[in-house]
Amino acid sequence: MNFNQNYFEILGLPLVFDVDLGLLSDRFLELQKEVHPDRFASRTEQEKRLAMQWATLLNSANDTLKSPLKRAIYLLQLKGIELEDNPRLPPEFLMEQIELREQLEDIEGSEANLDDLAVFKKEVKAVIRSIEQNFSKTIEDDLVQAETLVYEMQFLNKLLASANQLEEKLLDY
Amino acid sequence: MALLQITEPGQAVDPHDRKRAAGIDLGTTNSLIASVRAGVAETLPDIHGRHLLPSVVRYTAEGPVVGSDALDQAALDPHNTIVSVKRLMGRGVEDVRSLGDQLPYRFAGDGGLARIETVAGVVSPVEVSAEILRSLVDRASETLAGDLDGVVITVPAYFDDAQRQATKDAAQLAGVNVLRLLNEPTAAAIAYGLDTGDEGVVAIFDLGGGTFDISLLRLRRGVFEVLATGGDSALGGDDFDHAIAEWLINESGYAGEVTPRQQRGLLMKARAAKEALTDSESVALSFNDSGLEIDIRLTRDTFNELIGPLVDTAIRACRRSVRDADVELSEIDNVVLVGGSTRVPLVVSKVADFFEAEPLNNIDPDKVVAVGAALQADILVGNKPDDEMLLLDVLPLSLGLETMGGLSEKVIARNTPIPIAKAQEFTTYKDGQTAMLIHVVQGERELVADCRSLARFELSGIPPMVAGAAKIEVTFRVDADGLLAVSARETSTGVEASVEVKPSYGLTDDEITAMLKSSFDHAAEDAAQRSLAEARVEAGRVIEALGNALAEDGEKLLPPQDIEMLQQAINKLQELVDGNDYNAINEGTEMLGRASEEFASLRMDAAVRKALAGRQIADLSSEMTDNEV
């Protein structure tokens, strides 16, 4: 096993942001069928250990590549960029974020909150998707811009998580 | 729907090479063992024809008694008769006290692992479970005419690390080779042959006596992916009995204090009524004990009102899991019912309403888990080499570390596929801090106090630095059984500390060794015999595995001299196996394992390459069509 291979190489996928999720899932399953520890349950300790390492690696690779945000961060890492804890972001983006947060707070108090929330989530998801499309292009030629886009994705994903939490609260799970 | 897995021609292993494997459902109230015989998985009865073994162990001066004979004496000898030991597995004395006063045992010691005083000395829940396992395994060895090569033991999906570890320890103590700990709901899905069916999402609704489990599994390309698990570890059919008993007391107008004996009597009546209402519309109840007197008819409608809120609690957990799994209700095409309490009609109808699908319940809900475990054991032991089925399980509860302010920082989120490894970096918070206490917890809540404490260990020898300068990387590794190992290192200096998470409430390796030894001390010769037998079995497994591997891939992957070298090493180990020195056999087994490491690695790489290559040709054509569109 070559631990120096990156996740894309391990799963036999081209090194680009736009991953075919169906293909990723197929590859992942085909490979797990070969290496999973259950295939080695009555074999030698060495084989069991190897199987465990491989299956762990595959799970990490799949987990990273199937999430657009994790995949984007990983691509930046491969290009030698480590994310900052407190990044500087364009003021207009931050203003937008504050507005969105306020919108979410208003929804909690509103009458038809579940419907409003559904609309809100749809909008946020659309924004995330457009940033992702943007990232897919910039990662090839403008790494500084790509890094900023990842921070924006992080912000919006956190916002979406808050929206989901609110939804759970409203649905009384 | 394939209820029974029939072995197909060409798929079967030569009968002489068939391994003996069994699936064990180690239950709270009853336990079962099942095995695949002549292509059919079925539970194995004892000599009296009973399939269910009550999970009860009574300790006497003459030794332990397991099963019905122990259960019969439970009322007369409550201190020495251990029932429902599963609830004590991996639990501390404090946890057990919080389970209520319904446990009549005398707990030994203060703090730490729960241990029970009996006439035969102090016993731990692990030892009690080992007795139950031994009884089941003996039954199987007799029925199958030989020792078992391996077993699969099922555990509830919500079992935390401490509880899983305790279960594995019990198996070690009982001297059985555990192929895998399998989540009970997954076992149920296998029993229904859903792995051979169409692709789709399956829900497993498991309502037992004291616990409720809901799991969502996705099947694709012969692989079972556990998408989400949830449930309530304190919800079950026993609560239905309590609801009826309470109703009886209310209806009777009895104002006095209900004695434990009256309570027991009422619960027995309640249970009988509940079971009768599965087929009848109403049932007569009469009770008379020390002034508590009642004659009444309980209709199914009233019963449904009594238990409605309880069933709704279970349905809420289902909704939560559907959300966790990120699937639509319409995607769920099969719902499997497990556990005796799913015989209650209201449970069936509410489940059907919620999932908008008629639930599957044509396999005995008490046996379905053991049957599934047997099918999986048969595959894992190597009896069905061509079987494509694979299970990808998930971590049931999030794992985290305690951080400042008593908060839990999640390192691995629940429902992450296992095996998995994850590292997280932490830092010191004081200038010159040279040690760091690492507290590993499991659970979903934010406060450490609300999570389960798994282990505490200290990373010391950190060089003095200003606060925040040290970088401490803590790595969590979870294996395919869901068991955790944690290690920590300071990355600038490489100072290391690691622990097998032998949890706050587990047995240490030394304790297990001591228990194993003490059980042999009675017969030192037996001990040597057993060690020799075990060494031979393990050596035999390695010889066979390597021999098969060489026959398959040796010439493809190795130069002739390496094949020759491995062949000689095999022959040498075979010579040792024919001798009587178990130490020498164990050493030889290890040597052969090490010698074959490179070969094992080459084979794995080849398998991976082949899997990718096979796919790529198919993908190429699909990509081309994609491009045209």
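Residues numbered from 1 in each chain as written. Chains lettered and ligands numbered in written order. Predicted model: local features only at pLDDT ≥ 70, side-chain atom pairs only at ≥ 80, totals over all residues. Heavy atoms only, no water.

Draft legend 1. Inspection of the packing of aromatic side chains at higher detail. Residues and elements named next belong to chain A. Here the structure, examined in full by the defined rule, presents 6 aromatic pairs over all chains. Pairing phenylalanine 17 with phenylalanine 135 gives two aromatic rings, centres 5.0 Å apart and planes at 65°, and the pair type is edge-to-face. Linking phenylalanine 17 in the loop between helix H1 (7–10) and helix H2 (21–35) with phenylalanine 135 in helix H6 (residues 113–141), this pair joins segments that are 118 residues apart in sequence. The positively charged end of arginine 71 is found above the aromatic ring belonging to phenylalanine 17, 5.0 Å away from the centroid. (Phe/Tyr/Trp six-rings, centres within 6.5 Å; stacked < 30°, edge-to-face > 60°. Helix = DSSP H or I, 4+ residues; strand = E, 2+ residues; numbered from the N terminus. Lys NZ or Arg CZ within 6 Å of the ring centre and 35° of its normal.)

Draft legend 2. Summary view of the domain arrangement of chain A. By the assigned domains, chain A splits into domain 1 (7–66) and domain 2 (91–170). Relative to domain 2 of chain A, the C-alpha centre of domain 1 of chain A lies at a distance of 31 Å. (Domains from an automatic or database assignment.)

Draft legend 3. Up close: the pattern of salt bridges. Under the defined criterion, the tally for this structure stands at 40 salt bridges over all chains. The partner of arginine 37 of chain B in a salt bridge is glutamate 42 of chain B, with the nearest N and O atoms 3.3 Å apart. Notably, a salt bridge pairs glutamate 275 of chain B with arginine 271 of chain B, separated by 3.4 Å at the nearest N-O pair. Here glutamate 275 of chain B and its partner arginine 271 of chain B are both found in helix H7 (residues 260–276), 4 residues apart, which amounts to about one turn of the helix. Judged by its relative accessible area of 40%, arginine 271 of chain B falls in the partly exposed class. Through salt bridges with shared partners, one network takes in Lys121, Glu167 and Glu168 of chain A together with Arg320, Arg323, Asp324, Arg414 and Glu444 of chain B. (Salt bridge = Lys/Arg side-chain N within 4 Å of Asp/Glu carboxyl O. Buried < 20%, exposed > 50% of the residue type's maximum accessible area, 1.4 Å probe, protein only.)

Draft legend 4. Region of the structure containing H2 of chain A. Residue and element names in this part refer to chain A. In this model, H2 (15 residues) spans 21 Å end to end at C-alpha, consistent with the 21 Å of a helix rising 1.5 Å per residue. Among the residues making up H2, those that are buried are Leu23, Leu24, Asp26, Arg27, Phe28, Leu29, Glu30, Leu31, Gln32, Lys33 and Val35. Two or three places before glycine 22, at the start of H2, stands the capping residue aspartate 20, its side-chain oxygen 3.0 Å from that residue's backbone nitrogen. (Expected span 1.5 Å × (residues − 1). Polar contact = N/O pair within 3.5 Å; in protein donor to acceptor, adjacent residues only side chain to side chain.)

Draft legend 5. Quick peek at the packing of helix H13 (residues 560–578) of chain B against helix H14 (residues 582–595) of chain B. All names here are of chain B. Running from amino to carboxyl end, H13 crosses H14 at an angle of 165°, the nearest separation of the two axes being 9 Å. One finds that H13 runs roughly antiparallel with respect to H14. Between H13 and H14 lies a crossing of left-handed hand. For the pair H13 and H14, the contacting residues are Leu566, Ala569, Ile570, Leu573, Leu576 and Val577 in the first and Ala584, Ile585, Gly588, Thr589, Leu592 and Ala595 in the second. For the contact of H13 with H14, the residue count by class is 10 nonpolar, 2 polar and no charged. (Axes fitted to C-alpha atoms, helices over the stretch in contact; angles between N-to-C directions. Parallel < 35°, antiparallel > 145°, perpendicular 65-115°, else oblique. Left-handed = near helix turned anticlockwise from the far one by under 90°. Contact = heavy atoms within 4.5 Å. Nonpolar A, V, L, I, M, F, W, Y, C, P; charged D, E, K, R; others polar.)

Draft legend 6. Region of the structure containing the nonpolar core. Core analysis: the largest hydrophobic core is formed by 57 residues, its most contacted members being Leu11, Phe120 and Phe135 of chain A. Ignoring sequence-local partners within four residues, the contact set of phenylalanine 135 of chain A consists of Phe17, Ala72, Leu75, Leu76, Ala146, Leu149, Val150 and Met153 of chain A. Ala203, Leu235, Ile315 and Val344 of chain B belong to the second-largest nonpolar core, a separate cluster that totals 48 residues. (Core = buried A, V, L, I, M, F, W, Y, C linked by side-chain atoms within 4.5 Å.)

Draft legend 7. Inspection of the confidence of the model for chain A at higher detail. Model confidence for chain A is summarised by a mean pLDDT of 89, while 97% of its residues fall at 70 or above. No element of chain A has a lower mean pLDDT than helix H5 (residues 91–109) of chain A, which averages 89, and none a higher one than helix H4 (residues 68–78) of chain A, which averages 96. (pLDDT = per-residue confidence, 0-100.)

Draft legend 8. Region of interest: the sheet that holds strand S21 (residues 407–412) of chain B. Residue and element names in this part refer to chain B. Across the sheet, 4 strands lie side by side as S21-S20-S23-S24; this open sheet has antiparallel pairing. Among the strands making up the open sheet, the edge pair consists of S21 and strand S24 (452–460). Sheet twist, expressed as the average angle between the axes of neighbouring strands with direction ignored, equals 30°. Pairing analysis gives 8 bridges linking strand S23 (residues 435–442) to S24, with the strands arranged antiparallel. Considered in S24, the bridge of leucine 437 is made with glutamate 458. (Pairing = 2+ DSSP bridges.)

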